[in-house]
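Structural overview for review
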Amino acid sequence: MVMTVSAIEAERKMAGEYVKNNRQQEAGAAAFKDMLLTTMGKNPKQKAPYSHLAKDGIIEYNGVTFVCDYEHNALCLGDVSNPKDVIYVALSGGGTLQVNRDNLDDLAKAIGMFSPEDVNLILRAISKDTQCQRKLMEIDEERNKIGEAAEA
């Protein structure tokens, strides 16, 4: 097959365009991956509930600050470092909401952020936690009465 100079130049030009387009696609893919990493945390496979509302892992809603915990697929409100002070709510879309009992007023301010299904789950969890805390107080009171009776 004999090619003319103009045919060779045209083929080189097409090859150059192909390489240029391929580089642009690779750059676009890299930018998309970076966007995912920024949006979802360090690993795009890791996520947190309602993280689509987050900016740098923080959700501000009605003056209430939530923190996305991408490692545990959780949305946190308040100091959740002590598990005894935390209410855990399994959310409908997966993941959990972790709320410090001292921050229930903040949660009430931001309840509009959650889906109706999650609001129902949150209210049930708070109600159940309140019942459990009441029972624990009753048990402590009974123990104190028994201790006082034993001393007398």
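Description of the structure in this document. (Residues numbered from 1 in each chain as written. Predicted model: local features only at pLDDT ≥ 70, side-chain atom pairs only at ≥ 80, totals over all residues. Heavy atoms only, no water.)

Before going further, it helps to examine the overall build of the chain. Helix and strand content of the chain: three helices and five strands. The order of α-helices and β-strands along the chain, N terminus first, is α-β-β-β-β-β-α-α. Residue burial in the chain is summarised as follows: out of 152 residues, 22% are buried. In the chain, the proportion of contacts linking residues at least 24 apart, taken out of those at least 6 apart, comes to 40%. (Helix = DSSP H or I, 4+ residues; strand = E, 2+ residues; numbered from the N terminus. Buried < 20%, exposed > 50% of the residue type's maximum accessible area, 1.4 Å probe, protein only. Contact = heavy atoms within 4.5 Å.)

Another point: the packing of aromatic side chains. Centre-to-centre distance and the angle between the planes together describe a pair of aromatic rings. According to the stated counting rule, one finds two aromatic pairs in the structure shown. Their ring planes at 80° and their centres at 5.1 Å tell us that Tyr 50 and Phe 114 sit as a pair that is edge-to-face. Linking Tyr 50 in the loop between helix H1 (5–40) and strand E1 (58–61) with Phe 114 in the loop between helix H2 (104–109) and helix H3 (116–151), this pair joins segments that are 64 residues apart in sequence. A single burial state applies to Tyr 50 and to Phe 114, both of which are buried. Seen from their ring centres, Phe 66 and Phe 114 are 5.9 Å apart, and the 80° between their planes marks the pair as edge-to-face. A residue pair is termed long-range when its members are at least 10 positions apart, and Phe 66 in strand E2 (residues 64–69) and Phe 114 in the loop between H2 and H3 qualify at 48 residues. Across the pair, Phe 114 and Phe 66 agree in class, each one buried. Following the ring pairs from residue to residue traces out a cluster consisting of Tyr 50, Phe 66 and Phe 114. (Phe/Tyr/Trp six-rings, centres within 6.5 Å; stacked < 30°, edge-to-face > 60°.)

Inspection of the entire model under this criterion finds four salt bridges. Between Lys 109 and Asp 106 there is a salt bridge, and its shortest N-O distance comes to 3.9 Å. In this pair, Lys 109 and Asp 106 both sit in helix H2, three residues apart, roughly one turn of the helix. A residue is classified by how much of its surface remains accessible, and Asp 106, at 25% relative accessible area, is partly exposed. Its salt-bridge partner being Lys 135, residue Glu 138 comes within 3.9 Å of it at the nearest N-O pair. Highlighted residues: Glu 138 and Lys 135, both in helix H3, separated by three residues, approximately one helical turn. (Salt bridge = Lys/Arg side-chain N within 4 Å of Asp/Glu carboxyl O.)

Moving on, we come to the side chain of Asp 118. With respect to the element layout, Asp 118 can be found in helix H3. Buried within the structure, Asp 118 lacks any salt-bridge partner; its nearest side chain of opposite charge belongs to Arg 124, at an N-O separation of 11 Å. Of note is the side chain of Asp 118, whose polar atom sits 2.7 Å from the backbone nitrogen of Ser 92. Residues within four places of Asp 118 in sequence aside, it is in contact with Tyr 50, Leu 91, Ser 92 and Gly 93. (Lys, Arg positive; Asp, Glu negative; His and termini not counted. Polar contact = N/O pair within 3.5 Å; in protein donor to acceptor, adjacent residues only side chain to side chain.)

Time to look at the pairing of strand E4 (residues 86–90). Where E4 lies against strand E5 (residues 96–100), five bridges are found, and the strand directions are antiparallel. The partner of Tyr 88 across the bridge, within E5, is Gln 98. Where E4 folds back onto E5 in an antiparallel hairpin, the turn is made up of five residues, including Gly 94, whose phi is positive at roughly 100°. (Pairing = 2+ DSSP bridges.)

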